[in-house]
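Here is how the chains run, residue by residue.
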Amino acid sequence: MGRRQTDSELGRCALLILFVMGMISCSFVYFCLSVLFRPLPNSNTHSLGSNVNRNGGDSIGDEEGEEECCRGIEHLELWGDAVRWGSDFKVNSSRECCMACKEMCGREGGSCLCDTWVFCGDREACGSRFGECWLKKQRDTLGPQLHGSGDKVIWTSGQVFGKTEGIIGLETEYGMLRVKLLPDCAPHSVIYILELLASRFCAGCRFYRAESRGDSWDSEGNRVGHDMEIADNIAQLPTKSEVFSNVPVSVLEKHVPLRFHRINTSP
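Everything quoted here is computed from the prediction, not taken from an experiment. (Residues numbered from 1 in each chain as written. Predicted model: local features only at pLDDT ≥ 70, side-chain atom pairs only at ≥ 80, totals over all residues. Heavy atoms only, no water.)

Caption draft 1: Structural detail: the nonpolar core. Core analysis: the biggest nonpolar cluster contains 20 residues, and I168, I234 and F260 have the highest contact counts within it. For this core, the elements supplying multiple residues, two or more each, are β8 (167-172), α4 (187-198) and α5 (226-235). A total of four residues in this core trace back to one element, the largest contributor, which is α4. If you look at the next biggest cluster of nonpolar residues, it comprises 16 residues, including C70, F89, A100 and C101. (Core = buried A, V, L, I, M, F, W, Y, C linked by side-chain atoms within 4.5 Å. Buried < 20%, exposed > 50% of the residue type's maximum accessible area, 1.4 Å probe, protein only. Helix = DSSP H or I, 4+ residues; strand = E, 2+ residues; numbered from the N terminus.)

Caption draft 2: Looking closely at the side chain of E165. Considering the arrangement of structural elements, one finds E165 in the loop between β7 (155-159) and β8. A relative accessible area of 11% places E165 in the buried class. Separated by 2.7 Å, the side chain of E165 and the backbone nitrogen of G162 make a polar contact. (Polar contact = N/O pair within 3.5 Å; in protein donor to acceptor, adjacent residues only side chain to side chain.)

Caption draft 3: Structural context of the packing of aromatic side chains. If you walk through the whole model with that rule in mind, you get one aromatic pair. Consider the rings of W85 and W134, whose centres lie 5.2 Å apart with planes at 50°: the pair is tilted. Here W134 lies in strand β5 (residues 133-137) and W85 lies in the loop between β3 (81-84) and α2 (94-102), a separation of 49 residues in the sequence. Given the relative accessible area of 52%, W85 is considered exposed. The class of W134 is buried, set by a relative accessible area of 13%. Note that R84 overlies the ring of F89, its terminal NZ or CZ placed 3.8 Å from the centroid. (Phe/Tyr/Trp six-rings, centres within 6.5 Å; stacked < 30°, edge-to-face > 60°. Lys NZ or Arg CZ within 6 Å of the ring centre and 35° of its normal.)

Caption draft 4: Here's a closer look at the pattern of salt bridges. Here the structure, examined in full by the defined rule, presents nine salt bridges. Note that D115 is salt-bridged to K137, the shortest N-O span being 3.6 Å. A residue pair is termed long-range when its members are at least 10 positions apart, and D115 in the loop between α2 and β4 (116-120) and K137 in strand β5 qualify at 22 residues. Taking relative accessible area as the criterion, D115 reaches 0% and is therefore assigned buried. Here the salt bridges do not stand alone but share partners, grouping E68, K102 and D184 into one network. (Salt bridge = Lys/Arg side-chain N within 4 Å of Asp/Glu carboxyl O.)

Caption draft 5: Geometry of the sheet that holds β5. A sheet is described by the order of its strands in space; here five strands give the open sequence β1-β7-β4-β5-β3, paired in antiparallel fashion. One side of each edge strand has no neighbouring strand; the edge strands of this open sheet are β1 (73-74) and β3. Strand direction decides the pairing type here: β4 and β7, joined by five bridges, are antiparallel. From the neighbouring strand, T116 faces β7, where its bridge partner is Q159. The strands touched by α2 are β4, β5 and β7; relative to β4, the strand with the most contacts, the crossing angle is about 155°. (Pairing = 2+ DSSP bridges. Contact = heavy atoms within 4.5 Å. Axes fitted to C-alpha atoms, helices over the stretch in contact; angles between N-to-C directions.)

See below:
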């Protein structure tokens, strides 16, 4: 004869049945909501990082949601010939001003009709000029005209280089390395490099550390060219161990001096 179930056992059994029924109900509700709110195959939905620009062109975010670089330097006013007057063109942010300048660059490369943007973003300091976005063109892309800098300057400025613009050479005893400058991603570094480029001598400019590129390929599946072979030769030079900020690193035993040069990219 089987053992008679007690009230406590019956209670536990009832709770288990209720729990299972609740799980089934929740699963059914979740399934219904998933079907109801599932996007249609042809619906125009976008992730937060894939915004389309106002002209319907390429998105300004990559597949991982990171926005395209478009940075400038505060308290800096760059001069130049205006291609669009800020008194007639106002935007909400320095990024919008930068993107407006980028939109004047050809998709197929070459020079940009706008290579400098200047934005006034301090509502109190700018007053009636708040939001003004001046789009300009430099006579010398690698030598932008500086109109003013410092805390009293109310403007934020930045540069944009076309596909074949902003390329400089680093001359070493092992050969010339060509470098593409990205002022929209690292504006402070680019301004500093352009200052060095304008000077006749660069005291103390040298490579202290070099690393091999490993197996690198270009967008067409070919091994990268002569420039990286030079970098590889420098990376294979003898090194010694040092500690920078409590981090052990390998530096070149003999530093490699370098000089900055303009690279002529015109046809």
